Every structure is written in C-alpha cells, then in structure tokens.
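This is what each chain is made of:
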Protein chains: 2
Amino acid sequence: MGVITISREFGSGGRELGRRLADELGYAYYDKEIVSAIAEKHQLNEQSVSYALEGGSFRNFPVHFGRTFSYSPTLMATESKLFTEQNKLLKEIAAKGNCVIVGRAADVILRDHRPFNLFVYADMPAKVRRCQERVGENEHLSAKAIEKQIRKIDADRKKYHGMISDVAWGDKRGYHLCVNTTDWEIKEIAPLIASYIRQWMEDPKEALSD
Amino acid sequence: MGVITISREFGSGGRELGRRLADELGYAYYDKEIVSAIAEKHQLNEQSVSYALEGGSFRNFPVHFGRTFSYSPTLMATESKLFTEQNKLLKEIAAKGNCVIVGRAADVILRDHRPFNLFVYADMPAKVRRCQERVGENEHLSAKAIEKQIRKIDADRKKYHGMISDVAWGDKRGYHLCVNTTDWEIKEIAPLIASYIRQWMEDPKEALSD
C-alpha cells in the first residue's frame, strides 16, 4: 500500500508532476477531489470550502481579526470542522490503497502511513514563467504581481504546515526527495521520479525523523 | 561537457554515491585526489593540506585565535593560497571534461560551468548508523560522540560555504536535486539518480538563481 504526498511551491509544476506520477504508477490521484467531496457532504459551496482549506481566515486569524469584515466564532468553528473532515478523508483515502495526494499537508497528516514525501520547487523566474504559461489564468498579471502572489500563497502553506508539524514546510528533512524543476518540462522528469519511487516502495520504510 | 557536484551531510553516503555515479556515467571522479595533487605540487604533507582545506584554522580563525597553539600570519597566508590553488584546480578539472566532484564547495566555485548540483542528506540516526558501519573507523566512538562529530563537520562545511556564497550550504535552492538517503542502500539509488542526471545533461541548462 503506497502513499505519495506532493508538497510544492506555487508555480513549480508540482500538481502536474503529481498527476503524471499517478499515471505512471497506476495510483489514484487526489487534489481538488478532496474539496469536492467535503463540499458535497456538507452541502457547501465548493469555493467556500476551498477558501477555508487553502488560505482562508482560520489560518490567517491574527491578520484578519479586526478588519472590516467581521470574524464570527461560528465561521471559525465551521472551518476547524472542515479541517477535521479533510484529515479524516485523507486517512480514508490512504487506507484504500495506492494514491498520490497533492498538498493539504498530507505529509504530516498521513505520517503513520509512512508515505513517500516529495517536495517540488523551482527558482522564482521559472515559477513566474510557468504561471504565465497557464493559459487563461494569469494573462492580465505582471511578472511582479505573479511573484507577489507566489510568495503569499507559499507563505500561507508554510504557516498552515507550521501549525501542525515541527518540521517546517519546505525543510528538506521532511521529504524523501526534493526536486528542482527549474530546468525541466514536467513530462520529462515524471518517469524518472516514478522509477525512483517505485523502487522505494519495494521495501517497507521507517518514518523520517531528525 | 558535464560537471556534477556532490554536497553532502557527513554520514549520508554522499561520497559513495558520487563514486557510483561516476561509474554509472563514465565520468571522472575527484575527491581526495585534489588534496593529493596540491600536496604534491607544493611539496607539502597530504594531511596538512587536508587539514587546511577541510576544517583547518583558516576557516575557524575567530575560534582558534588566542588558543594555546599560536596562529601565525604565515600559516594563514599559506592556507589562503591552498584554497586559491584548489579553486584553480577545480576549474582545470571541470574544463577537462565530464566529472563528479565531491565537496570542496565545487557547486559555488564551478558555477560558471553550470554543474548539476546534488545534495545528499539523511536523518541523524541513519547517519550515525552509517558512520558506525564504516569498518575500522568509528568503532571506539559512542553514538553520541559520532553525532557530535557529524554536527561539527557539517557546521564547518556550512561556514566555509557561507564565506563564498549567498545561498547557504544545504539550502535546497542551490541544488538541482536533494536526496534523502535515510532508507536506502546507496547502490540501490545510484542508477536511478544517474538516469535523472543523464537526462538533465542532454539539454544545455541555465545557472540556478533565486
């Protein structure tokens, strides 16, 4: 039973790599599917769930508190419940069988499943370039604005990860392999990394520690 | 013309990986050979050269100064000359052709050659275990003593690297791939990483930046 978690800097191509790894290895792939499942179960709007789980007010509580939009304890309780729900769902997914999970701090949440943890990163110009190439998404944004967005999103990821783990998000000690995609087309490396993980999966492994 | 640099935490198996990669790829391998060449050229004892280049007083100047052994300006000048010599030699080696260079901050010194920079690391228990298994080397040392030694040597590496580069030693941004060897026999991963680097070498690449 193999679980692969992908953590990635925004714009590094980590999501595409995750999808391709799942294809290469014949693993199930989860990303937005998790948001959809939770939204459906709670009869909530997908966008709200996504907002809550991927950069919402819960995480940014100290920043948002006291701003113009009022922060209700009820909302916070709901968000906290959504995280609990997400974590439960992650564990169910991992128990079901071979899977690739992108984001959602799955490396921490699924620690007991001894996942293979991959971190995907790239240098800033490469990440900006990749964002610019996403057709229809960032065409109206300047490179500078994209860079700002990248830093903001990654800071959020780091913050959330820091709330639930001693090892910082992006700290290589928390990962089995850290891949710099700066020079690569993702489709070029997917088979190479798939081979690496396939071999790793052959033996039972111990959880990482410092 | 391909240059591979290996930076590694002490005890992570980075040197063995470097040797095996050189074998797999048919590249020349350099490590202690560099010390020997400098020692021969300057008619110096190999051990002194090694001491100067890999953890000697030059690097630890502020710590050693004022200790019981006196620190002579002549010695410092010699050491500084040895580093210059080493850097010159590294560039000559890189210009000659395909090679794997272990340590010596070659990732920084050879930046203009656009090397593939590999960082090799592992968690502490795995590094201690690996050191203990080196027959005839650490048999008399306790795990605690070995751990202390590992931390000391890596701190020295970090310090030297910090003197010549803005990107810290071990900061993943400075490397194309960071490999956690905790779960691996080095001989298992060498062919996998060789394939990765082989493919990377097929296209001309840009130097890494932040």
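Up top you'll find the structure we're talking about.
In this text the structure is predicted, and so the values were computed from the model without any measurement. (Residues numbered from 1 in each chain as written. Chains lettered and ligands numbered in written order. Predicted model: local features only at pLDDT ≥ 70, side-chain atom pairs only at ≥ 80, totals over all residues. Heavy atoms only, no water.)

Trainee: Before we move on, can you summarise the relation of the copies chain B and chain A with the specific residues and values?
Mentor: In this arrangement, two copies of a chain are superimposed by a rotation about an axis accompanied by a shift along the axis. With an RMSD of 0.0 Å, the fit of chain B onto chain A corresponds to turning through 180° and sliding 0.0 Å along the axis. Taken together, the turn and the small shift mark the pair as related by a two-fold rotation axis. Measuring from the rotation axis to each C-alpha of chain B, the shortest distance belongs to Cys-178 of chain B, at 2.5 Å. (Least-squares fit on C-alpha atoms with pLDDT ≥ 70 in both.)

Trainee: Can you tell me about the pattern of salt bridges, naming the residues and giving the values?
Mentor: Residues and elements named next belong to chain A. Scanning all chains against the criterion turns up 18 salt bridges over all chains. A salt bridge links Asp-31 to Arg-104; the shortest N-O distance between them is 3.4 Å. Residue Asp-31 is located in the loop between β2 (28-30) and α2 (32-42), and its partner Arg-104 is located in the loop between β3 (99-102) and α6 (106-109); the two are separated by 73 residues in the primary sequence. The class for Asp-31 is buried, based on a relative accessible area of 4%. Judged by relative accessible area, Arg-104 falls into the buried class, the value being 12%. (Salt bridge = Lys/Arg side-chain N within 4 Å of Asp/Glu carboxyl O. Helix = DSSP H or I, 4+ residues; strand = E, 2+ residues; numbered from the N terminus. Buried < 20%, exposed > 50% of the residue type's maximum accessible area, 1.4 Å probe, protein only.)

Trainee: Explain the interface of chain B and chain A residue by residue, including any values.
Mentor: Counting from both sides, the interface comprises 32 residues of chain B and, opposite them, 32 residues of chain A. When the buried surface of chain B facing chain A is broken down by residue, Lys-172, Asp-183 and Tyr-196 of chain B rank first, second and third, together holding 23% of it. Inspection of the chain B/chain A interface yields zero salt bridges. Counting the contacts that link chain B with chain A gives 15 residue pairs in polar contact (both at pLDDT 80 or more). Of all elements in the fold, only β4 (116-121), α7 (124-132), β5 (177-180) and α9 (186-201) of chain B reach the threshold of two or more residues within the side of chain B that touches chain A. It is α9 of chain B that provides the largest number of residues to the side of chain B that touches chain A, a total of eight residues. (Contact = heavy atoms within 4.5 Å. Buried area = accessible area lost by both parts, 1.4 Å probe. Polar contact = N/O pair within 3.5 Å; in protein donor to acceptor, adjacent residues only side chain to side chain.)

Trainee: I'd love a proper account of the pairing of strand β4 (residues 116-121) of chain A, names of residues and values included.
Mentor: Residues and elements named next belong to chain A. Of all the six residues making up β4, six are buried; the element is thus mostly covered by neighbouring parts of the structure. What you see with β4 is no split at all: Phe-116, Leu-118 and Val-120 on one side and Asn-117, Phe-119 and Tyr-121 on the other are buried throughout. Sheet topology places strand β1 (residues 3-8) next to β4; five bridges connect them, and they run parallel. Opposite Ser-7, over in β4, you have Phe-119 as the bridge partner. Where β4 lies against strand β5 (residues 177-180), four bridges are found, and the strand directions are parallel. Each bridged residue has a counterpart across the sheet, and for Phe-119 the counterpart in β5 is Cys-178. (Pairing = 2+ DSSP bridges.)

Trainee: Would you mind going over empty space enclosed by the protein in detail, with residue names and values included?
Mentor: It is a probe the size of a water molecule, rolled over the atoms, that shows where empty space is left. Counted according to the given criterion, the structure contains one cavity of 30 Å³ or more. Lining the largest cavity are Leu-177, Leu-192, Ile-193 and Tyr-196 of chain A together with Leu-177, Leu-192, Ile-193 and Tyr-196 of chain B. Residue assignment for the lining of the largest cavity shows that the elements contributing at least two residues are α9 (186-201) of chain A together with α9 of chain B. Partitioned by chemical class, the residues of the lining of the largest cavity number eight nonpolar, no polar and no charged. (1 Å grid on protein atoms, 1.4 Å probe; cavity = no way out; pocket = protein on both sides within 12 Å on 5 of 7 lines; lining within 4 Å. Points joined across faces, edges and corners; volume = space filled by probe spheres on them. Nonpolar A, V, L, I, M, F, W, Y, C, P; charged D, E, K, R; others polar.)

Trainee: Residues and numbers for α7 of chain B, please.
Mentor: Think of an α-helix as turning once every 3.6 residues; residues three or four places apart then point the same way. For α7 of chain B, the full list of buried residues reads Met-124, Ala-126, Lys-127, Val-128, Arg-130 and Cys-131 of chain B. Tucked into the core, α7 of chain B has its buried residues touching α8 (143-164) and α9 of chain B.

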